Amino acid sequence: MAEGRNKVLEQIMKSGTVKKGQTVIVGFSGGPDSLTLLHGLNKLSHNKGLDLRLVPVHVNHLLRGRDAERDQERAVEMAESMGLQCLVFRRDCRGFAAENSMTEEEAGRKLRYDIFLETARRLEKEDGKRPVIAVAHNADDQSETIFFRIIRGTGIRGLAGMNAVRKLEDYQVVRPLLNVTRAEIEDYIESEGLQPSIDKTNMDDDYSRNRIRLRLIPEIESSMNQGFRENLRRLGENAREDEELLDSLAENAFDEMRFPEEDSEFLRSVTVDSKKFASCHNALCSRITRSVFQELGIAEGFSRNIMEEVKDVASSDNPSARLELPGGASVRRIYGKLVFSRAEPLVPSGKETEGRDGADGSVKIFAGTVSGIGEGVDREDKNGSSDGTRVMAVFDLDQLKKNYPGIEIDPEKTEGCGSTGQGIVIRTRRPGDFIQTGVGRKKIQNMLVDMKIPKELRDSLKMAAVGGEILWILPDSRIKSGPLAGKGRFSQAYRTGKDHAGDKKVLVIEYRIQK
């Protein structure tokens, strides 16, 4: 008997899950496991100088009528016998399950952990110390969990079973008894003369977990392998070690393929090298994809099938391949890049804009002469000029008026975005838009594709237009390379040139960048 008692206390200490002086919230049903946990922690707190603040929490799920009431009363009494105050919470588990389309098992677990979190936040607010939440899962529970996951289907992460420590929002959930068997707990109960409550539903094999514990595992042990439970735990330990190694390799691979400078807070996106992702081993790809899901806040929906579909996008011959992901997210090929994002539609195509959607400043349009514009304008072989806070485009106004006789530049009407004069507007693209290049006109759609502008940004780029002709595609801070990362793309049709006598009338579009 003493051996079982000592084993429990030794394993609690060996687990390293509780520290001296901590506040420990203990999930306390009053059953054999939770009673052993609370009693053992209380004993160690006094005898080993751990000086723990123990807060037992009992949740009455209102499922078992008078039996549940007796268990609640017994939990309070047992805690008091140890000099502890038990916090009691009553929740309608059956009603919660029905409202949320859950099983009663799932609902009970959700309610308990919500209460643990609520208690942890309150206690931390009281004394400034961050508590841990201790639950009484034992070694046999670990075996049953692994077996249950095998039956339902799982990967290496699932085979690893439960961790001794896991995060629950800002708090830690710890399992000090995870290496203590049920037989050792029974020995502890007997040696300490404890009288736990017994939940009769634990003997009801209508529940999946109970059926595994009461029927399947005992049958395998009696007819095939007496060490089956221990073998399951060993499998879990091996899987956990493999998982740790694969996680480390995946983290390194993720760092090597990622473009962190292109992660967009606006789009909530993560960008990686598509070729590196496509050539990566599936074991690493699945972990990288899961990490991206976590970063983007996609709470559910990850699966091996999703990973394989993402890999198909990465290796697709289509440079603009796209896949919709769970949670409103998507993954897109943008030529050599793979972009995971939760982007919403940006500016509707063809919209004349008054704000800064896609651009990062204000626009002013005015007429002038080459000699009167100032030093910032390049008058020879480029239309754009930039001094770090502004970019200017200069066009031959006489040439423009030949093609568009109705154009008049009214300084009172050309400040900012929107319609200006009698035909020049700042807007997003429209079907049929074109720009003049050195070898003729080119559709804006084709121009943007050739410049490798991401598909999701094309409809929000600002452009100076007259009718369906684009004079200037404005620069955009979301573009990291190419013309739109600098001065933008200019029409070659109305260049001011340098071979002219006297002052030349020009149209000036000035884009002031907001810093």
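Colleague: Give me the overall build of the protein: which residues, what numbers.
Modeller: Across its full length, the protein carries 16 helices and 21 strands. Among the 515 residues that make up the protein, the fraction classed as buried is 47%. Intrachain contacts of the protein at a sequence separation of at least 6 include 68% that bridge at least 24 residues. About 26100 Å² of surface is accessible on the protein, with carbon and sulfur atoms providing 46% of the total.

Colleague: So what's going on with the packing of helix H6 (residues 139–152) against helix H9 (residues 208–223)? Which residues, and what values?
Modeller: Where H6 meets H9, the closest approach of the two axes is 10 Å, and the angle between their N-to-C directions is 95°. Put simply, H6 runs roughly perpendicular to H9. Of the residues in H9, those touching H6 at Asp141, Glu144, Thr145, Phe147, Phe148 and Ile151 are Ser208, Arg209, Ile212, Arg213, Leu216, Ile217 and Ile220. For the contact of H6 with H9, the per-class residue count stands at 7 nonpolar, 2 polar and 4 charged.

Colleague: Which residues make up the sheet that holds strand E3 (residues 87–90), and what are the values?
Modeller: Pairing in this open sheet of 6 strands is mixed, and the strands run E3-E2-E1-E4-E6-E5 from one edge to the other. Among the strands making up the open sheet, the edge pair consists of E3 and strand E5 (165–168). Pairwise comparison of adjacent strand axes, ignoring direction, gives a mean angle of 30° for this sheet. As paired elements, strand E1 (residues 23–27) and strand E4 (residues 132–134) share 3 bridges and run parallel to each other.

Colleague: Which residues make up the pairing of strand E7 (residues 269–273), and what values go with them?
Modeller: Within E7, 5 of the 5 residues are buried, which leaves it mostly tucked inside the rest of the structure. The two faces of E7 match: Ser269, Thr271 and Asp273 on one face and Val270 and Val272 on the other face are all buried.

Colleague: I'd love a proper account of the pairing of strand E6 (residues 171–174), names of residues and values included.
Modeller: Within a regular strand, the side chains alternate between the two sheet faces. As judged from the 3 bridges shared by E4 and E6, these two strands associate in the parallel manner. Residue pairing for E6: Ala134 is matched across the bridge by Val174. Sheet topology note: the E5/E6 ladder contains 4 bridges and is antiparallel. Its bridge partner being in E6, Arg166 is matched across the sheet by Val173.

Colleague: Break down the side chain of Glu144 for me, with residues and values.
Modeller: Mapped onto the secondary structure, Glu144 falls in helix H6. With near-sequence residues (within four places) excluded, Glu144 lies in contact with Arg182, Arg209, Ile212, Arg213, Ile217 and Arg229.

Colleague: I'd like a description of the confidence of the model for the protein, backed by residues and values.
Modeller: Averaged over the protein, the pLDDT score is 83; the fraction of residues at 70 or greater is 83%. Note that pLDDT drops below 50 for residues 411–422; the model gives that stretch 32 contacts with residues more than four away or on any other chain.

Colleague: Could you give an account of the packing of aromatic side chains, with specific residues and numbers?
Modeller: Counting across every chain of the model gives 4 aromatic pairs. With a centroid separation of 5.4 Å and 80° between ring planes, the pair formed by Tyr113 and Phe116 is classed as edge-to-face. Separated by 3 residues within a single helix, Tyr113 and Phe116 lie in helix H5 (residues 104–127), roughly one turn from each other. Residue Tyr113 is classed as buried on the basis of its relative accessible area of 7%. Just above the ring of Phe259 sits the side chain of Lys337; from NZ or CZ to the centre is 5.0 Å.

How each quantity is defined
Residues numbered from 1 in each chain as written. Predicted model: local features only at pLDDT ≥ 70, side-chain atom pairs only at ≥ 80, totals over all residues. Heavy atoms only, no water. Helix = DSSP H or I, 4+ residues; strand = E, 2+ residues; numbered from the N terminus. Buried < 20%, exposed > 50% of the residue type's maximum accessible area, 1.4 Å probe, protein only. Contact = heavy atoms within 4.5 Å. Areas by Shrake-Rupley, 256 points an atom, 1.4 Å probe, with all protein chains shown as cover. Axes fitted to C-alpha atoms, helices over the stretch in contact; angles between N-to-C directions. Parallel < 35°, antiparallel > 145°, perpendicular 65-115°, else oblique. Nonpolar A, V, L, I, M, F, W, Y, C, P; charged D, E, K, R; others polar. Pairing = 2+ DSSP bridges. pLDDT = per-residue confidence, 0-100. Phe/Tyr/Trp six-rings, centres within 6.5 Å; stacked < 30°, edge-to-face > 60°. Lys NZ or Arg CZ within 6 Å of the ring centre and 35° of its normal.

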